[in-house]
Every structure is written in C-alpha cells, then in structure tokens.
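Summary of the model geometry
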Amino acid sequence: MIIPFDYLIIGAGLFGATFAQKVSEHGKTCLVIEKRAHAGGNTYCREEEGIHVHEYGAHIFHTDKDHVWQYVNRFVHFNHFINSPLANYKGKLYNLPFNMNTFNKLWGVNTPAEAKAKITEQRSLYQQITEPKNLEEQALKLCGEDIYRIFIKGYTEKQWGCPATELPAFIIRRLPFRFTYDNNYFNDPYQGIPIGGYNPLTVGLLKGIEVRYNTNYFENREYFDSLARKTVFTGCIDEFFNYTFGNLDYRSLRFEHERLEINSFQGNAVVNYNEASVPFTRIIEHKHFEFGQQAHTVITHEYPLNYKVGIEPYYPINNENNMKKFKQYKEKSILNPNVLFGGRLAEYAYYDMDDTIEAALLLAKKELRI
Ligand code: UDP
C-alpha cells in the first residue's frame, strides 16, 4: 500500500506550521490538518478595515534567540513595536513592568538608590524565604508587600482562578524588574509585530504545503493515521490518549471584541486591570500594535475563564498534580516513535512563540538528522 505523505501534522499553529516548513524544505511531504477554519493557531488575526485583530489574545513577538529571529525574518518583516503595558489600579495608571516609572508613581522615589532602599524595606519581611514554594512567596521575596498587593495578587488570582499560594513560582519570574526608567516589558534584544499582522507569517510557513481546514483528527483517526508514515500531534496530549490518566487542567479565556468609531480608546496597546474586583484582566487596543491611523478602533476585553473539555485551552496549569499526570502521558507518548508531540498543548508548557518555533525546528532537525 502506498502511504501518500511522510508526515501528517495535526494542527496548523506555529509548531505545526514551522515543523511542516522545515521538513518540506528538505524534501519531505506533509499533510497538515486543522480543526479551525484558519491556520496560525492563536496568533490568527482577523482584519477589520485595516486593523489586525488578535482574535485569540494579544501576541507580541520577542526573542533572544538569533536563529529563531533570522528564521522568522525569512517569511515576514517586523515593525518596531515595543510592548509597554500599563496597569490600571483603582483608576490610576502605572507603568509595567516594574521599573523606575512604577516606583516613582507608587512611592514618589526619583532615583534608583531611593527605589532600592524602598524595595529592600518592603522585601525585608520576606527574606527568610530561601526557596519560594509558590507564586506568592516568589513575588513577596522579589517585590515586597505594596507591589504584590497592588499589581500581582488580584491580577494573578483572577487570571488563574486560584490562590497565588497554589501557583508555581516560575510564572512571575517571566516579569522583568528593573531600576531604570525603561517600560519595555521584555528583556529580549529582538521584538516586534509582523508587518501585516501574524497571518502573513503563517502563510509564508505553509506555502506549498497541503492544509485541510475544518478537519478534526479525532473524527476519523484511523483514516488520517493511514495517510502518513509519521504523525506530529500539536493538540492536547490528554485528548490524544483518551484521557487515560485523567484530564489536564488549563486556564481558558473569553474575548469580547468591540469596534468603536473613535480614533483611539486608551492610547496604548495593552492596559492591565489589576484589581480583583474588575472581572477582566486587560483591554487590548489592536491598532497600536501597528501604529494604526484609522478613524475607527477595535478593543478587546480579556476575561479569564474556567476550562472544561470542549472549550479552547489557553494556559497549561503546571502545578504538581497536573505535572504528575502529564508525566504519565509523556511516558506513554515515548512508546510510539512514529507519533511525535510538540507545542504548548502537547508539551503542556507555558511556551512563548519563539520557544514554540525553536522546539519545532529542533524536532524537524532531529527528524531530518541535520
Ligand atoms: N502578572 C501580574 N500582574 C500584571 C501582569 C502579570 O501579576 O500586571 C503575573 C500574572 O500571574 C501572569 C504572569 O505575571 O499570569 C505572567 O504575565 P504575562 O504578561 O507574561 O502573561 P501572558 O501575557 O502570557 O498572559
């Protein structure tokens, strides 16, 4: 029997599209199947009269990996957007990430020395914490009382739907903390939004590759498996194995997109709402990612949402219980070398876009033995 493809790739998100691009470039044949009506996974943008609306949440590309930056620049060019979000707490606006602008507004301190003295005082109560066991301990040790209470506790607990004491410490280590007047949310040397939004990146990656949309692998597994020598699965690993070891938890999101006939709603791409009592976590104003000059604007309220099987999973919840289950799935996945797993959902990892692309390139190179 002739097997038509070298690889069946399930999911046309960044992992699947990157893997497909790399192996195709080296002569392999791929079929990509995608349950949604479009590629790009959660980077997909819908165009609203010149504004690229990040339908599944804001995506800002940033990386410190030279090879990933060079790779994506083969397909798109990036603008000079620098993410400088604001935090709204009880109607007052503060700069993020935590930097001299934030400390100045919060405590009236002007110099790094004054700010460091204030932080040291704020942290002093928590220095007995040597190895932070959870997000709360990590945040208090790093930032002290005021910052934790104003910017972190409320936001984090609504974002994740559980007490900060039940969350892993690493989540908060993503946020920079600095003593300069620098509002750049990221420390990476490369940052920007693809010119024309994210869809041209996906289109570039998938050029010349067969993609079948609105196609759900689970509706006809045997048939799809018969189409290729190997399978690359980028969906939820627990679903792949029929939830044998139980469901993995995720945090989901609900987006309320709204078009307004005004030029600018908030003057910035991202404004976080850090109070626990405000039900959404942030408002995104999409045109500012691309310095849009349109007469209209599109904003999105982002609401955290409990996950249940059937709705979109966004963030893996990497606590002990879930990681134990994931380990079982992972061990099972290694048993069949013809099925490969990759991406945020299959690896149950809080990946950024550059991590995803790097992991896909690595897997492709391993397959190609290059
Ligand atoms: N976070 C916070 N306050 C903020 C922004 C972020 O406490 O104003 C915490 C929160 O726990 C969040 C984590 O930092 O889940 C990571 O934030 P980031 O903006 O990197 O998350 P993402 O953009 O992936 O949602």
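In what follows, the accompanying structure is described. Only a predicted model underlies this, so the values are computations on that prediction, with no experimental measurement involved.

1. A closer look at the site of the ligand
Lining the immediate environment of the ligand, one finds 17 residues, of which Thr156, Trp160, Tyr185, Tyr315 and Tyr350 sit closest. A distance of 2.8 Å separates an oxygen atom of the ligand from a polar atom in the side chain of Trp160. Burial of the ligand by the surrounding chains reaches 92%, relative to a free accessible area of 520 Å². Residues that form the shell around the ligand fall into these classes: 11 nonpolar, 4 polar and 2 charged.

2. A closer look at the sheet that holds strand β10 (residues 228–233)
Read across the sheet, 5 strands follow the order β9-β2-β1-β10-β16 without closing on themselves; strand pairing throughout is parallel. Each end of this open sheet is capped by a strand with a single partner; those strands are β9 (210–212) and β16 (339–341). Sheet twist, expressed as the mean angle between neighbouring strand axes with direction ignored, is 20 degrees. With 4 bridges connecting them, strand β1 (residues 5–10) and strand β2 (residues 30–33) associate as parallel partners. Looking at the pairing, Ile9 lines up with Val32 of β2. Relative to β1, helix α1 (residues 14–25) is tilted by about 165 degrees, and along the sheet it contacts β1, β2 and β10.

3. Quick look at the environment of Phe326
Along the chain, Phe326 falls in helix α10 (residues 320–334). With relative accessibility at 10%, the residue Phe326 sits in the buried group. Distance in space between the C-alpha atoms of Phe326 and Asn263 is 46 Å, their sequence separation being 63 residues. In contact with Phe326, other than residues within four places in its own chain, are Ile237, Leu248, Ala346, Glu347 and Tyr348.

4. Focus: helix α4 (residues 112–123)
Residues lying three or four places apart along an α-helix face the same way, a consequence of the helix completing one turn every 3.6 residues. Taking 1.5 Å as the rise per residue, α4 with 12 residues should run 16 Å; its terminal C-alpha atoms sit 16 Å apart, in good agreement. Inspection of α4 places Ala115, Ile119 and Gln122 among the buried residues, and these make up the whole buried set. The buried side chains of α4 occupy one side of the element, clustering within an arc of 60 degrees when seen end-on. Where α4 is buried, its residues meet α3 (100–107), α5 (135–143) and α6 (145–160).

5. What about the pairing of strand β14 (residues 297–306)?
Burial of β14 is extensive: 8 of the 10 residues sit out of reach of the surface. Of the strand pairs in this sheet, strand β11 (residues 250–260) and β14 are connected by 10 bridges, and their pairing is antiparallel. Residue pairing across strands places Leu253 opposite Pro304, the latter belonging to β14. Pairing analysis gives 4 bridges linking strand β13 (residues 282–285) to β14, with the strands arranged antiparallel.

The rules we used
Residues numbered from 1 in each chain as written. Predicted model: local features only at pLDDT ≥ 70, side-chain atom pairs only at ≥ 80, totals over all residues. Heavy atoms only, no water. Near = heavy atom within 4 Å. Polar contact = N/O pair within 3.5 Å; in protein donor to acceptor, adjacent residues only side chain to side chain. Areas by Shrake-Rupley, 256 points an atom, 1.4 Å probe, with all protein chains shown as cover. Nonpolar A, V, L, I, M, F, W, Y, C, P; charged D, E, K, R; others polar. Pairing = 2+ DSSP bridges. Helix = DSSP H or I, 4+ residues; strand = E, 2+ residues; numbered from the N terminus. Axes fitted to C-alpha atoms, helices over the stretch in contact; angles between N-to-C directions. Contact = heavy atoms within 4.5 Å. Buried < 20%, exposed > 50% of the residue type's maximum accessible area, 1.4 Å probe, protein only. Expected span 1.5 Å × (residues − 1). Arc of directions from axis to C-beta.

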